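Structural characterization, general
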Amino acid sequence: DATGLNNGVQILASNSVIEGFTIESAIGEGILVQGTPGAPVTGVTVEGNTVEHNDLGNPTGGPIGSSSYPECNAQGLVPGDCGEGIHLMVAHDSSVVANQVANNSGGILLSDEFGPTSGNLIAFNNVYGNTLDCGITVVGHNSGAFQNGQAQPSVGGAFNNSIVSNVISGNGLAGQGAGVILATGPPGGAVYNNMVRANRISDNGLGGVTVHSHAPGQDLNGNVIQDNLIGTNNLDGDFDFSPFVDPFTTGVTVASVAPLTITIQNNVISNNTYGIWMLRTVSAMGLGSNLFQQVTNPVVIAS
C-alpha cells in the first residue's frame, strides 16, 4: 500500500527482480525503474505483479505544476502524467512480463528523459482500464536524441523495444489514450525501430496502435506494427492534427507533420470505420498483407 508515497517500488540497481507483488495507491508509479544520465539500469525483470490504482497524483489528467512529485508537473512538452503504473526511464535490456496493470491513470510507460531507453521487452501483460492515458506508451521526451538528421543513441531516444503478446483494452477513455502509442513531442525527439507484435488491442480512446510525430526534426522511422489482433478503437476520436481529424473508430493511426516510414503488416483489423488512417506524409510498407473484417474503409490517407 503506497498511499502518500511517490512510488510503490523504485528500482535503481541493474539485474534486479521484482516479482509477485500487489502494488497500489502511489502518487506516481507503482513500479519505477530509473537510470541516471550516462548510467542506465540494465537487466531488470518486472514479472507477475498486480499494479493497480496508482499514478494518482493528477486525478484529472490536465496540466498541473504544484505537485510535490516532480513527475506530475507539466514541463514544456512533458505532459505531467505522474509516470503511470509501471515506468521504465533510462532502462536497457529489461523485461516487463506477465503483469496485471489496471485502473491507474496510465498503464506502462517507456521514456528517455535522462538517456536512452532501448532493447526492453514488454510482453504477456494484461493492461486495461487505465482511463486517463494510454495502455502502453513508448515516448521520446529528450530533445537531443535526433540532431542534424542523425540519431544520437548515447544521448536519448526510445528504440529497439518490443511490445509483444499483451492484452490491451479500455485505456484512455476519460482522457486521451491509445492502446499502444509511439510518439514524441519536442524537435529532436526520437522513437524508432520499435516492434509492436502479436498483441490483442480493443476499446481504447485513440487508435489501437497510434503513431504521432508532432514537429519537424524528429525520428519515428523504422517502427513495425505486425501480427496484431486489433478490434474497435479510437472511441474518442483523434483531433491532434487538425484540420486533419479522425472522428471515427480506427484500428491503426499514423500521423506525422514530416515524412515518416513505417511497416504495418499481417494484422487482423476488425469492426472499425477505418482500418488504417494515415496522413499523406506517411510511407507505409506491408499494407496489402493486412486482413480487414467488417471495416468500412480499410486504408484512409488524409490529405
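Here the structure is shown first, and the text comes after it.
For clarity, every value in this text was computed on a predicted model and none was experimentally measured. (Residues numbered from 1 in each chain as written. Predicted model: local features only at pLDDT ≥ 70, side-chain atom pairs only at ≥ 80, totals over all residues. Heavy atoms only, no water.)

Attention now moves to the overall build of the protein chain. Counting secondary structure elements, the protein chain contains zero helices and 33 strands. The C-alpha radius of gyration computed for the protein chain amounts to 17 Å, which stays within 12% of the reference 19 Å derived for 303 residues, consistent with globular compactness. For the protein chain, the spread of C-alpha atoms along the principal axes amounts to about 45 × 40 × 35 Å. Looking at the 303 residues of the protein chain, the share that counts as buried comes to 55%. (Helix = DSSP H or I, 4+ residues; strand = E, 2+ residues; numbered from the N terminus. Rg over C-alpha atoms; globule rule 2.2 N^0.38 Å. Buried < 20%, exposed > 50% of the residue type's maximum accessible area, 1.4 Å probe, protein only.)

Before going further, it helps to spend a moment on the state of the cysteines. Tallied over the entire structure, the rule returns one disulfide. Sulfur-sulfur distance for the disulfide between C72 and C82 comes to 2.1 Å. On the sign convention where negative means left-handed, the S-S torsion of about 130° between C72 and C82 marks this disulfide as right-handed. Note that C72 is positioned in the loop between β7 (50-52) and β8 (86-89) and C82 in the loop between β7 and β8, a separation of ten residues in sequence. Here C72 matches C82 in class, with each residue buried. Distance from the sulfur of C134, which forms no disulfide, to the nearest cysteine sulfur (C82) is 15 Å. (Disulfide = S-S within 2.5 Å.)

Moving on: the sheet that holds strand β10 (residues 95-97). If you walk across this open sheet you meet the nine strands as β2-β6-β10-β14-β20-β24-β27-β30-β32, and the pairing is parallel. Looking along the sheet, the strands with just one partner apiece sit at the ends: β2 (17-19) and β32 (282-285). In this sheet, adjacent strand axes meet at a mean angle of 10° when their direction is disregarded. Direction of pairing for strand β20 (residues 162-164) relative to strand β24 (residues 195-197): parallel, over a ladder of three bridges. Bridging across to β24, V164 finds its partner in R197. (Pairing = 2+ DSSP bridges. Axes fitted to C-alpha atoms, helices over the stretch in contact; angles between N-to-C directions.)

Across the two faces of strand β27 (residues 223-226) the burial is the same, with N223 and I225 and V224 and Q226 all buried. Summarising the sheet, β24 and β27 pair through three bridges and their orientation is parallel. Along β27, the bridge assignment pairs R197 with Q226. Relative to strand β30 (residues 260-265), β27 is paired through four bridges, and the arrangement is parallel. For Q226, the partnering residue across the bridge sits in β30 and is Q265.

This next bit is on unusual backbone geometry. A cis amide bond, omega 15°, links S242 with the succeeding residue P243. Within the element layout of this structure, P243 appears in the loop between β28 (229-230) and β29 (250-256). Phi at A198 takes a positive value of approximately 60°, unusual for a residue other than glycine. Relative to the elements of secondary structure, A198 occurs in the loop between β24 and β25 (200-202). For Q294, which is not glycine, the phi dihedral falls at a positive 50°. Structurally, Q294 can be placed in strand β33 (residues 291-302).

Looking at the element boundaries, L279 is found in strand β31 (residues 268-279). Taking the C-alpha atoms as reference points, L279 and A255, 24 residues apart in sequence, are found 5.2 Å from one another. Apart from residues no more than four positions distant in its own chain, L279 is found in contact with F241, F244, V254, A255, S256, I301 and A302. (Contact = heavy atoms within 4.5 Å.)

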